[in-house]
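The chain contents come next:
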Amino acid sequence: MSIEHTDALNARILAVSEDKIQGFVREPFVEIAERSGVPLESVLERIRTMLAAGTIRRVRQTLVASNLAEGALVAWKVPEEKLTAAFDFMFQKDPFSGHVVVRSTDQQTTGSDFRLWTTLKVPVGQSMEQHCRVLMRHTGCEHFKLMPARGIFALGVGHVRRKTIEPGDKADAPAKMIPVGVVHLSELEWDVLLALKRELTLDEIRVGLWEARAAEAGVDLETFCRIAEDLNARQVIGRFSTFLEHVKPSATGQRVTRFNALFHWRVPAGREVEAGGEVGRHVILTHCYWREGGPEFNRVNIMAVCHGSERDRVFAHKAAIDAHLESVGIPVSYTNVFWGGRSEIKPSEISPKVHREWLAKMSAPETAAV
């Protein structure tokens, strides 16, 4: 049985399972089967096989963590000789840093010396600034720039589905901005959420997967599902997703993508929502946010991520978005591309208890700085 994302049957499954199952679904694999037109048993067998082989790196229910914790994109300035060690520390020893990426620009420009980029989530009531200063002590980073999201216009994956997207392909209407605001949860809701979000084991790739998670949370299945559906209505639940290993080659040497680019635009103050909607409607983008880059990044305010197998193709998508912004009368006074190199991705921890334990450990004398 093929383990590759390029296999015709696997591609049909992945075109749905990567990012089309939005919110909480009681039987996600049944939903994948129905929407892909692939028999349920084949869906289960193929996802298990790809997960075991590493083609799929994890299967899990995602959360809209920006509504559960304080979060930001963080750019780090670190001496080149400490870059590898700092990357490893962020990935291996900080459960609150999710994406960890080394980025570069085609020419020296504003912000080019920020080589290490991470996403950060800390529990409500904790300080991202303090967390980053702890990381500085342990990594040798010299400066950081926190860029929290003010609004979200696009958030998805769908690498298999995006392979057929042409430059300029976009939704019929501008993307609606999802505002960022923290939702406060009860202790029981946290219990359900933490049980819900943990990645699935091979044995859990089956119908009825939430029964054991409900028991873990200390509630019956119906209560578990009811709470999850309520959290979904409160925009806390993201998508149920099979995450492809899209950076490293598969066991047979195939790659899902080769290039990832972080696009920057500076649009006039007051037009961020309009501009983000026009950028975010381009379906090639996996992420699109309103973030303030400040003077460190020439005051850009719209950022988006694009993945592709060919560098020129990624540039073509960027050019199409630029042309569209011009066509709808949104001036862009500055733009740039930060290319991704070495990259690791893991779910960000959001538990207040785990964060307290982490801070205590990082303050201990035996955790010496790099």
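Located above this text is the structure these notes cover.
Residues numbered from 1 in each chain as written. Predicted model: local features only at pLDDT ≥ 70, side-chain atom pairs only at ≥ 80, totals over all residues. Heavy atoms only, no water.

Let us now look at the packing of aromatic side chains. Counted by the stated rule, this structure contains 13 aromatic pairs. The interplanar angle of 45 degrees and the centroid separation of 5.5 Å between the aromatic rings of Trp76 and Phe144 together place this pair among those described as tilted. One end of the pair, Trp76, is in strand 3 (residues 69-77); the other, Phe144, is in strand 6 (residues 143-147), and 68 residues separate them in sequence. Since its relative accessible area comes to 8%, Phe144 is described here as buried. Aromatic rings pair up to connect Phe24, Phe29, Trp210, Phe224 and Phe240 into one cluster. The aromatic ring of Tyr289 is capped on one face by Arg291, whose charged end is 4.1 Å from the ring centroid. Between the NZ or CZ atom of Arg311 and the centre of the ring of Trp339, over which it lies, the distance is 4.2 Å. (Phe/Tyr/Trp six-rings, centres within 6.5 Å; stacked < 30°, edge-to-face > 60°. Helix = DSSP H or I, 4+ residues; strand = E, 2+ residues; numbered from the N terminus. Buried < 20%, exposed > 50% of the residue type's maximum accessible area, 1.4 Å probe, protein only. Lys NZ or Arg CZ within 6 Å of the ring centre and 35° of its normal.)

What follows covers helix 8 (residues 210-217). Taken as a whole, helix 8 has its buried residues at Trp210, Arg213, Ala214 and Ala217. Looking straight down helix 8, one finds its buried side chains confined to an arc of 105 degrees; they lie on one side. Where helix 8 is buried, its residues contact helix 2 (28-36), strand 2 (56-63), helix 7 (187-197), helix 9 (221-233) and strand 9 (237-244). Immediately beyond the C-terminal end of helix 8, within one or two residues, lies Gly218, with a positive phi of roughly 80 degrees. (Arc of directions from axis to C-beta. Contact = heavy atoms within 4.5 Å.)

Looking now at the sheet that holds strand 3. Strand order in the open sheet made by the ten strands is 6-3-5-4-13-10-12-11-7-8, with antiparallel pairing throughout. The sheet is open, and its two edges are formed by strand 6 and strand 8 (178-179), each paired on a single side. Where helix 4 (residues 83-93) meets the sheet, its contacts fall on strand 3, strand 4 (97-104), strand 5 (116-123) and strand 13 (334-344), and the angle it forms with strand 4 comes to roughly 160 degrees. Strand contacts of helix 11 (residues 311-327): strand 10 (259-266), strand 11 (285-291), strand 12 (302-308) and strand 13, with the helix running at about 20 degrees to strand 10, the strand carrying the most contacts. (Pairing = 2+ DSSP bridges. Axes fitted to C-alpha atoms, helices over the stretch in contact; angles between N-to-C directions.)

Unlike most non-glycine residues, Gln235 shows phi in positive territory, near 65 degrees. Backbone geometry at Arg299 places phi at a positive 60 degrees, although glycine is not the residue there. Within the fold, Arg299 resides in the loop between strand 11 and strand 12.

Let us now look at the side chain of Lys318. Within the secondary structure, Lys318 is located in helix 11. Residue classification places Lys318 among the buried positions, given a relative accessible area of 5%. Only 2.9 Å separates the side chain of Lys318 from the side chain of Asp322, close enough to count as a polar contact. For Lys318, the contacting residues outside a window of four places in its chain are Phe263, Trp265, Thr335, Asn336 and Val337. (Polar contact = N/O pair within 3.5 Å; in protein donor to acceptor, adjacent residues only side chain to side chain.)

Here strand 6 lies mainly inside the structure; four of its five residues are buried. Pairing between strand 3 and strand 6: five bridges, direction antiparallel. When the bridges of strand 6 are listed, Ala75 appears paired with Lys145.

As a further point, take the sheet that holds strand 2. Across the sheet, which stays open at both edges, the three strands sit in the order 1-9-2 with antiparallel pairing between neighbours. A strand with exactly one partner marks an edge of an open sheet, and here the two such strands are strand 1 (21-22) and strand 2. Sheet strands in contact with helix 1 (residues 8-17) are strand 1, strand 2 and strand 9, and its direction is about 155 degrees off that of strand 9.

Counting 44 residues, the largest nonpolar core has Phe29, Ile32, Ile47, Val59, Leu193 and Phe224 as its most contacted members. Ile32 has contacts with Ile13, Val16, Ser17, Ile21, Val43, Ile47 and Phe240, leaving out every residue within four places of it along the chain. With 26 residues, the next largest nonpolar core counts Phe89, Cys132, Leu135 and Leu359 among its residues. (Core = buried A, V, L, I, M, F, W, Y, C linked by side-chain atoms within 4.5 Å.)

Moving on: the environment of His5. Topologically, His5 is positioned in the segment before helix 1. Placed 50 residues apart in sequence, His5 and Thr55 show a C-alpha to C-alpha distance of 7.2 Å.

Take it as geometry only, folks, not as evidence of what the structure does.
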